[in-house]
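Coordinate inspection notes
Chain by chain, the residues:
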Amino acid sequence: MALSEDDERWLEAEVARMVAELRVLPSQEKEDRIGLEISLLPAEEQAFVPTVLLRFIAAERRGEPLPEAASTTGLPPKRRFAWTLRPPR
């Protein structure tokens, strides 16, 4: 099943957000998180990610800005639990 135009725009915005986050301060953890986010996408959207990245490369070569990044945060932040020796109630 092909993606709708709205779905393509949404996915471009999500990938633009991922790229923007990675450019701020690149790290292996951010790269891993992006890979995880992409792996959790439905198959049709995963298949479209390389197309989006190629569009970004072509736009940068022409000197055009990337699409507007999504304002969502993608995956929820990792939850950290405090360890205690106290048994649960």
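Rules used throughout
Residues numbered from 1 in each chain as written. Predicted model: local features only at pLDDT ≥ 70, side-chain atom pairs only at ≥ 80, totals over all residues. Heavy atoms only, no water. Helix = DSSP H or I, 4+ residues; strand = E, 2+ residues; numbered from the N terminus. Buried < 20%, exposed > 50% of the residue type's maximum accessible area, 1.4 Å probe, protein only. Contact = heavy atoms within 4.5 Å. Axes fitted to C-alpha atoms, helices over the stretch in contact; angles between N-to-C directions. Parallel < 35°, antiparallel > 145°, perpendicular 65-115°, else oblique. Nonpolar A, V, L, I, M, F, W, Y, C, P; charged D, E, K, R; others polar. Salt bridge = Lys/Arg side-chain N within 4 Å of Asp/Glu carboxyl O. Expected span 1.5 Å × (residues − 1). Bend = angle between axes of the 7 residues up to and from the residue.

Regarding its fold elements, the protein chain presents three helices and zero strands. In the protein chain, the succession of α and β elements from N to C terminus is α-α-α. By the burial criterion, 24% of the 89 residues in the protein chain qualify as buried. Considering only contacts in the protein chain between residues 6 or more positions apart, those separated by 24 or more positions represent 72%.

Moving on to the packing of helix α1 (residues 5-24) against helix α2 (residues 28-39). Axis separation between α1 and α2 bottoms out at 10 Å; the angle between their running directions is 170°. Put simply, α1 runs roughly antiparallel to α2. Contacts from Arg17, Met18, Glu21, Leu22 and Val24 in α1 reach Lys30, Glu31, Ile34, Glu37 and Ile38 in α2. In terms of residue class, the contact of α1 with α2 is made up of five nonpolar, no polar and five charged.

Here we take up the pattern of salt bridges. This model, assessed by the stated rule, comprises eight salt bridges. Arg17 is paired through a salt bridge with Glu14; the nearest N and O atoms lie 2.9 Å apart. You can see Arg17 and its partner Glu14 sitting in helix α1, three residues apart, about one turn around the helix. For Arg23, the salt bridge is made with Glu60, and the minimal N-O distance between the two is 2.2 Å.

Locating Leu3 in the fold gives a position in the segment before α1. For the pair Leu3 and Phe48, spaced 45 residues apart in sequence, the C-alpha to C-alpha distance is 8.5 Å. In this structure, Leu3 is in contact with Glu8, Leu11, Glu44, Glu45 and Phe48, ignoring residues within four places of it in sequence.

Spanning 19 residues, helix α3 (residues 43-61) covers 29 Å between terminal C-alpha atoms, matching the ideal 27 Å at 1.5 Å per step. At Val49, α3 is bent by approximately 30°, the largest bend along its length, and proline Pro50 sits one to four residues beyond. For α3, the set of buried residues is Glu45, Phe48, Val49, Val52, Phe56 and Ala59. In the core, the buried residues of α3 are packed alongside α1 and α2. Immediately beyond the C-terminal end of α3, within one or two residues, lies Gly63, with a positive phi of roughly 80°.

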